[in-house]
Amino acid sequence: MPPAAILDIDGTLVDTNYQHALAWWQAMQQHEVDVPVWRLHRAIGMGGDQLIASVAGDEVEEQKGDDIRAAEKPLFMAQIAEVRLLPGADELIRVLKERGHAVVLSSSAKSDEVDHYLGMLESSDQVDDHTMSDDVEATKPEPDVVEAAMEKAGTRDAVMIGDSVFDCEAAKRAGIPSIGLLTGGFGRAELLEAGASAVFDSIADLIENISKTPLSA
């Protein structure tokens, strides 16, 4: 059997990274925490349980972390109707299934977000399973979400596909290879340094070169 394909959602299948960055910025502004949007973008892909301390420091996390997280959720949901699938998202799932891979979508988002994205995918009926916040204790770059996805796939023979350094780091900590996409705004060298076995410009580029990736191992 070919390895299971674990697909990150945000920034990999759906174009949400900039909406997330703006929602975090707005939430922090509401609580008088001033972090530039570009710095927040650099942290997207990291879970909210770790993002605030990473960009604003431990003191802000201790004093305002829960309030900022509570504010970010409705701010992002107010923008979710603007979110679009990244080109090729449905085709990638179909190609993976045609090649015999189990496909598990990997996210630590709340169920309403994940359900929204599943509703956007025409190929959602071909997805074997998915993860969400209830499945993890700590978010990326911790390996919990990757471990949960492998458990749902029923195998540890798996490959992670993601757009952020945190996806690649989580896969490495879980002991599996990863493939990086440039769709989240991270650079090729950054993704390779974080552990990606290969990096592609887009989903279409990955599909065209899929035989050169660990998915064909």
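Structure first, text after, so check above.
Remember, predicted model here, so these are calculated numbers, not experimental data.

Caption draft 1: Expanded view of the overall build of the protein. Along the protein, the regular secondary structure elements total 10 helices and six strands. Rg of the C-alpha trace for the protein: 16 Å, near the compact-globule value of 17 Å for 217 residues, within the 12% margin. Along the longest, intermediate and shortest principal axes, the C-alpha atoms of the protein span 50 × 35 × 30 Å. Here the protein holds 217 residues, and the buried ones make up 51% of them. Contacts spanning at least 24 positions in sequence make up 66% of the contacts within the protein whose residues lie at least 6 apart.

Caption draft 2: Summary view of the pairing of strand E1 (residues 4-8). Of all the five residues making up E1, five are buried; the element is thus mostly covered by neighbouring parts of the structure. Residue alternation in E1 divides its side chains into two sets, Ala4, Ile6 and Asp8 and Ala5 and Leu7, and both sets are buried. With four bridges connecting them, E1 and strand E4 (residues 158-162) associate as parallel partners. Note on E4: the bridge partner recorded for Ala5 is Val159. With four bridges joining them, E1 and strand E2 (residues 103-106) adopt parallel strand pairing. Its bridge partner lying in E2, Leu7 is registered against Leu105.

Caption draft 3: Examining the layout of surface pockets more closely. Estimated volume of the largest pocket: approximately 650 Å³. Lining the largest pocket are 30 residues, with Trp24, Gly47, Gly48, Ser108 and Ala109 positioned closest to its centre. Every element with two or more residues in the lining of the largest pocket is listed here: helix H1 (17-30), helix H3 (48-56) and helix H4 (58-77). Split into classes, the residues belonging to the lining of the largest pocket amount to seven nonpolar, 11 polar and 12 charged.

Caption draft 4: The nonpolar core, seen in detail. With 59 residues, the main nonpolar core has Leu7, Met28, Leu51 and Leu105 as its most contacted residues. Filtering out sequence-adjacent residues up to four positions away, Met28 remains in contact with Val33, Val35, Leu40, Leu51, Ile52, Val55 and Ile68. The next biggest cluster of nonpolar side chains, apart from the first, holds 14 residues, and it includes Ala4, Val145, Val146 and Ala170.

Caption draft 5: Representation of the side chain of Glu72 within the structure. By the secondary structure assignment, Glu72 is in helix H4. At 7.1 Å, Lys73 is the nearest oppositely charged side chain to Glu72, a buried residue that forms no salt bridge. If we skip the residues at most four places from it in the chain, Glu72 touches His20, Ala23, Trp24 and Ala27.

Caption draft 6: Expanded view of the packing of helix H7 (residues 144-153) against helix H8 (residues 165-174). Direction vectors running N to C along H7 and H8 enclose 65 degrees, while the axes themselves pass 8 Å from each other. The handedness of the crossing between H7 and H8 comes out as right-handed. In this structure, H7 contributes Val146, Glu147 and Met150 to the contact, and H8 contributes Ala170, Ala171 and Ala174. Residue composition of the contact of H7 with H8, grouped by class: five nonpolar, no polar and one charged.

Cut-offs used in this document
- Residues numbered from 1 in each chain as written.
- Predicted model: local features only at pLDDT ≥ 70, side-chain atom pairs only at ≥ 80, totals over all residues.
- Heavy atoms only, no water.
- Helix = DSSP H or I, 4+ residues; strand = E, 2+ residues; numbered from the N terminus.
- Rg over C-alpha atoms; globule rule 2.2 N^0.38 Å.
- Buried < 20%, exposed > 50% of the residue type's maximum accessible area, 1.4 Å probe, protein only.
- Contact = heavy atoms within 4.5 Å.
- Pairing = 2+ DSSP bridges.
- 1 Å grid on protein atoms, 1.4 Å probe; cavity = no way out; pocket = protein on both sides within 12 Å on 5 of 7 lines; lining within 4 Å.
- Points joined across faces, edges and corners; volume = space filled by probe spheres on them.
- Nonpolar A, V, L, I, M, F, W, Y, C, P; charged D, E, K, R; others polar.
- Core = buried A, V, L, I, M, F, W, Y, C linked by side-chain atoms within 4.5 Å.
- Lys, Arg positive; Asp, Glu negative; His and termini not counted.
- Salt bridge = Lys/Arg side-chain N within 4 Å of Asp/Glu carboxyl O.
- Axes fitted to C-alpha atoms, helices over the stretch in contact; angles between N-to-C directions.
- Left-handed = near helix turned anticlockwise from the far one by under 90°.

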